[in-house]
Amino acid sequence: MAATAESVLKPDFKTQRKHFIFTDEHEQLRESIRNFAIKELAPHAEEWEETTFPDSVFPRMGELGFLGLDKPEQYGGQGGDYYTSLVLAEEIGNANSGGLAMGIAVHTDMAMPPILAFGTEEQKQEWVVPAIKGEKILCLGITEPDAGSDVSGIKTRAVRDGEDYVINGSKTYITNGHRADAIVLVTKTDPDAGYDGFTLFLVPMDSPGVIREKKLVKLGMHASDTALLAFQDVRVPASAVLGQIGKGFYHIMWELQGERLIGAAGCVAGAQKCFERTLQYANERKAFGRSIGHFQVIRHKFAEMATKIESARQMVYVTAWRFNNGEYPVREISMAKLHAARVACEVADECIQIHGGAGYMREYGVERVWRDMRLNRIGAGTDEIMLDVIGRSYGL
Amino acid sequence: MSPPDPPFADEHDELRASVRGFIERELAPHAQRWEEEQWFPDEVFPKMAAQGLLGLKYPEEYGGQGGDYLHEAVLCEEMARVGSGGTAAGIGAHINIATPPIWKFGDEQQKRRYLEPAIRGERIGALGITEPGAGSDVAAISTRAERVDGGFVVNGEKTYITNGVRAHFIVTAVKTTPEGGHDGISFLIVERGEGVGSSALHKLGWHASDTATIAFEDVFVPEENLLGELNSGFKLIMANFQWERLAMALGAVGAMQLAFERTAAFAGERHAFGRALSGHQAIRHRLADMATSVYTCRCVTYDALRRFVGGEDPLKEVTMAKLLTQRAAFELMDECLQIHGGAGYMREYWVERAARDARLGPIGGGSDEIMREILGRVLGL
């Protein structure tokens, strides 16, 4: 049971042991997503930083079943548990492209869940079925130029006009905003009703009045297309309402939980990947007559990073276990998201430091991870919002 | 009600409630006095034994409860609620480091003579490894055991030994070859008696613990007190390190949880500038950070525990848990002290003691630096 002297002195460090939430099926899935990412995505990662990744990634992933892992079989999904989408979030990191991982996650774990949870059968048939095949691409519109973390401050209005609604407003920082076929849109339908005045709409992006204003240029996540969108007298039928009228705020708060946990898993995977790449570099790079990894100070940096990454991973897994069991652990999800995002940024920064001048150069890819990871402390709820949510969960 | 975090089950929650009740009723009210007296009474041992708490993981045939490490883990966590790191350390040294080698490597007679009365709380144990000239570098110990007719004669000095003054027997690492080192160390169970001298040490924290230097001067130890095989002592040392470190991680998780709860309550009651401290965003966010740290430490520690109990050899996970939790606990206590302000600096509150007590974590049971060295090896560096 306990360690023997032999195992301490000559430990078998290659052994990878499964976490209790995963089964052999998950490991097989992990393997197949990893192989796909390495073979079909990673070779293009550099190029896609310049061009954004092509739409064709969606149908290819749809064909492989990766876009509906945890979605019901009746809509073409694989009917897997929540952990399968965790596996996707982790293994897509092997594409070496934070922007691609984000574009896929917005499609599978941000836009699709509210349609499945709150949508009508017609909406599911019209959008989820092709989305799982990768034939239609989805995005989610919450943030506006004047309302970010304070979701209740959004101004995009949807006004009833006979049988239709007319939508006016703008949305920004919208991932997939240029390529999407439809948007899950948060609007205000009753300005006097406070939190009860919001309604979600499922709006086809080719509706007259939907304007894809500009592609936003960013610090990182260059492979992702991020849009500023304008809605000018966009007329949609009442059947475009997603979920209940007046319940949009609550619908979107529900959605954010799954998104944050998936985001946290992505952070862990990104940090792990960067760590491994840097470990390899530290073993190869020589200075003062030996590999830099064998200097005690560098060795201890790796020990610290490994511990941080493991801590974030355990938080994600245990919290996912609760989530998969049907609990709704808002506090723990917020903690995992907060911690994992911080860890990812700290690890990326330390990896640059260990790479030295090379770390600062684009060709080594570490500076890209640093830029990509920085978003995680802002997107899907900033660190500060996570802290507020956690504080409030204790009645503080 | 959500289920307990794995690997715990409902039965462990029940044990937790009863252990917590006992500690809050019987031990915590005296913590302040024991700290001031720099000694908790020996009677605490039989008192805990009467509740079965000194033998949770030990077999019933030796008077134990026949439980396992998970039951012991509950106790490790709950001992934080005594509110005296020194008391928890004294009990912890007895059940987590002094007696396990006897249970695992002792012969039947040794178990009857030392483990049984230890489980009853009648004989108190200590583990003697560290020396003035050898701490983290265990293989460098110099206390010698010379072969003589019928046993050994021990000469040398051990230091920083928890229960070092009160212990009736000391499970002691000694050199049994002139070279010592990995293949020249053995374990002897040394009874207090002629030639064994203890002197208590003054410390930054852990005041209720009688941490001591122990001198051995020509101490005769009979052959039958050799624990395990001759010259295989290094293995014995390593064998229990994983549990010792896991126990420390669990203790930190328990202490952090308690400190967070108390500080959040304090911040809710204490008013400044017209509202509760926790109504100020800067304080609320610090409390949220602290809660996150507790959850982080719990997840990491429970994963290591689950693997340990499951029979894996989770060197990496235990080392990470030890490294992460001990520093996190100290940082959290320091934050608690800060939020308490002037009150935090005063001895009458629990906080300054908790901060002092927590400072040992990154040193004891293998320092942070040693943990990083082990992890460096795990990573092949």
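Definitions and cut-offs
- Residues numbered from 1 in each chain as written.
- Chains lettered and ligands numbered in written order.
- Predicted model: local features only at pLDDT ≥ 70, side-chain atom pairs only at ≥ 80, totals over all residues.
- Helix = DSSP H or I, 4+ residues; strand = E, 2+ residues; numbered from the N terminus.
- Rg over C-alpha atoms; globule rule 2.2 N^0.38 Å.
- Buried ≥ 20, exposed ≤ 12 C-beta atoms within 10 Å, placed from the backbone.
- Contact = placed C-beta atoms within 7 Å.
- Expected span 1.5 Å × (residues − 1).
- Domains from an automatic or database assignment.
- Nonpolar A, V, L, I, M, F, W, Y, C, P; charged D, E, K, R; others polar.
- Axes fitted to C-alpha atoms, helices over the stretch in contact; angles between N-to-C directions.
- Parallel < 35°, antiparallel > 145°, perpendicular 65-115°, else oblique.
- Left-handed = near helix turned anticlockwise from the far one by under 90°.
- pLDDT = per-residue confidence, 0-100.
- Core = buried A, V, L, I, M, F, W, Y, C linked by C-beta atoms within 7 Å.

1. Some words on the overall build of chain B
In terms of regular secondary structure, chain B is built from 13 helices and 10 strands. For chain B, whose C-alpha radius of gyration is 21 Å, the value lies close to the compact-globule estimate of 21 Å for 381 residues. Taking the principal axes of its C-alpha atoms as reference, chain B extends roughly 80 × 45 × 40 Å. Burial analysis of chain B (381 residues in total) assigns 57% to the buried set. For chain B, the proportion of contacts with a sequence separation of at least 24, taken over those separated by at least 6, is 72%.

2. Observations concerning the overall build of chain A
The number of helices and strands found in chain A is 13 helices and 10 strands. Whereas a compact globule of 396 residues would reach a radius of gyration of roughly 21 Å, chain A reaches 22 Å, a difference of no more than 12%. For the C-alpha atoms alone, the extent of chain A along its principal axes is close to 80 × 45 × 45 Å. Within chain A, buried positions represent 53% of all 396 residues. If you take every contact in chain A between residues at least 6 apart in sequence, the share linking residues at least 24 apart comes to 73%.

3. A look at helix 9 (residues 296-324) of chain A
Residue and element names in this part refer to chain A. Taking 1.5 Å per residue as the helical rise, helix 9 with its 29 residues ought to reach 42 Å, and the 41 Å between its terminal C-alpha atoms agrees with that figure. Along helix 9, 23 of the 29 residues are buried, which leaves the element largely enclosed by surrounding structure. Immediately beyond the C-terminal end of helix 9, within one or two residues, lies G326, with a positive phi of roughly 95°.

4. Overview of the domain arrangement of chain B
Residue and element names in this part refer to chain B. If you check the domain split of chain B, you get domain 1 (10-124), domain 2 (126-234) and domain 3 (240-378). In this structure, domain 2 and domain 3 have C-alpha centres spaced 31 Å apart. Contacts between domain 2 and domain 3 engage four residues on the former and eight residues on the latter. Among the residues making up the side of domain 2 that touches domain 3, the classes are represented as two nonpolar, two polar and no charged.

5. Concerning the domain arrangement of chain A
Where the parts come together, the accessible area they lose is often given as the size of the interface. Residues and elements named next belong to chain A. One can read the domain layout of chain A as domain 1 (24-137), domain 2 (140-246) and domain 3 (250-393). The straight-line distance from the C-alpha centre of domain 1 to that of domain 2 is 23 Å. Elements with a contribution of two residues or more to the side of domain 1 that touches domain 2: helix 3 (45-51), helix 6 (98-118) and helix 7 (121-133). Of the residues belonging to the side of domain 1 that touches domain 2, the class tally is 12 nonpolar, eight polar and four charged.

6. Section: the packing of helix 5 (residues 85-98) of chain B against helix 8 (residues 233-269) of chain B
Residues and elements named next belong to chain B. At their nearest, the axes of helix 5 and helix 8 sit 10 Å apart, and the two run at 150° to each other. Comparing the axis directions of helix 5 and helix 8 gives the class roughly antiparallel. Handedness of the helix 5/helix 8 crossing: right-handed. Contact residues: helix 5 offers A88, G92, N96 and I97, while helix 8 offers N240, W243, E244, A247 and G251. Residue classes in the contact of helix 5 with helix 8 are distributed as four nonpolar, four polar and one charged.

7. Quick word on the interface of chain A and chain B
Opposite the 37 residues of chain A that make contact, chain B presents 42 residues. Among the elements of the structure, helix 1 (5-9), helix 9, helix 10 (330-355) and helix 13 (383-393) of chain A are those that each provide at least two residues to the side of chain A that touches chain B. If you tally residues by element for the side of chain A that touches chain B, the top one is helix 9 of chain A, at 13 residues. Here the residues of the side of chain A that touches chain B are counted per class, giving 20 nonpolar, 10 polar and seven charged.

8. Considering the confidence of the model for chain A
Here chain A shows a mean pLDDT of 94. Residues at 70 or above account for 96%. A low-confidence stretch, residues 1-14 of chain A stays under pLDDT 50, and its non-local contacts, those more than four residues away or across chains, total 27 contacts.

9. Here we look at the nonpolar core
Nonpolar side chains in soluble globular proteins tend to be buried together. Membership of the largest hydrophobic core comes to 253 residues, with the highest contact counts inside it found for F201(A), V316(A), A340(A), L188(B) and M256(B). Sorting elements by how many residues they give to this core places helix 8 of chain B first, with 22 residues. Discounting residues that sit within four places of it in the chain, L188(B) has contacts with A145(B), F152(B), V154(B), T172(B), V174(B), V221(B), N225(B), L226(B) and L227(B).

10. Overview of unusual backbone geometry
The linkage connecting P6(B) with the following residue, P7(B), adopts the cis geometry, with an omega of 10°. Structurally, P7(B) is set in the segment before helix 1 (10-27). For F288(A), which is not glycine, the phi dihedral falls at a positive 50°. Here F288(A) is to be found in the loop between strand 9 (286-287) and strand 10 (290-291). Phi at F273(B) takes a positive value of approximately 55°, unusual for a residue other than glycine. On the secondary structure map, F273(B) appears in the loop between strand 9 (271-272) and strand 10 (275-276). Judged by C-beta crowding, with 7 C-beta atoms within 10 Å, F273(B) ranks as exposed.

11. Comments concerning the environment of R362(A)
Turning to its location among the elements, R362(A) is positioned in the loop between helix 11 (357-360) and helix 12 (366-373). For the pair R362(A) and E46(A), spaced 316 residues apart in sequence, the C-alpha separation works out to 9.8 Å.

12. Description of the confidence of the model for chain B
Summary statistics for chain B give a mean pLDDT of 96 and a share of 100% for residues scoring 70 or more. Confidence metrics for the complex model read pTM 0.91 and ipTM 0.86.

13. Re the environment of G310(B)
All names here are of chain B. Summarising the element assignment, G310 is placed in the loop between helix 9 (281-309) and helix 10 (315-340). For G310, a count of 12 C-beta atoms within 10 Å puts it in the exposed group. Separated by 303 residues in the primary sequence, G310 and P7 have C-alpha atoms spaced 9.5 Å apart.

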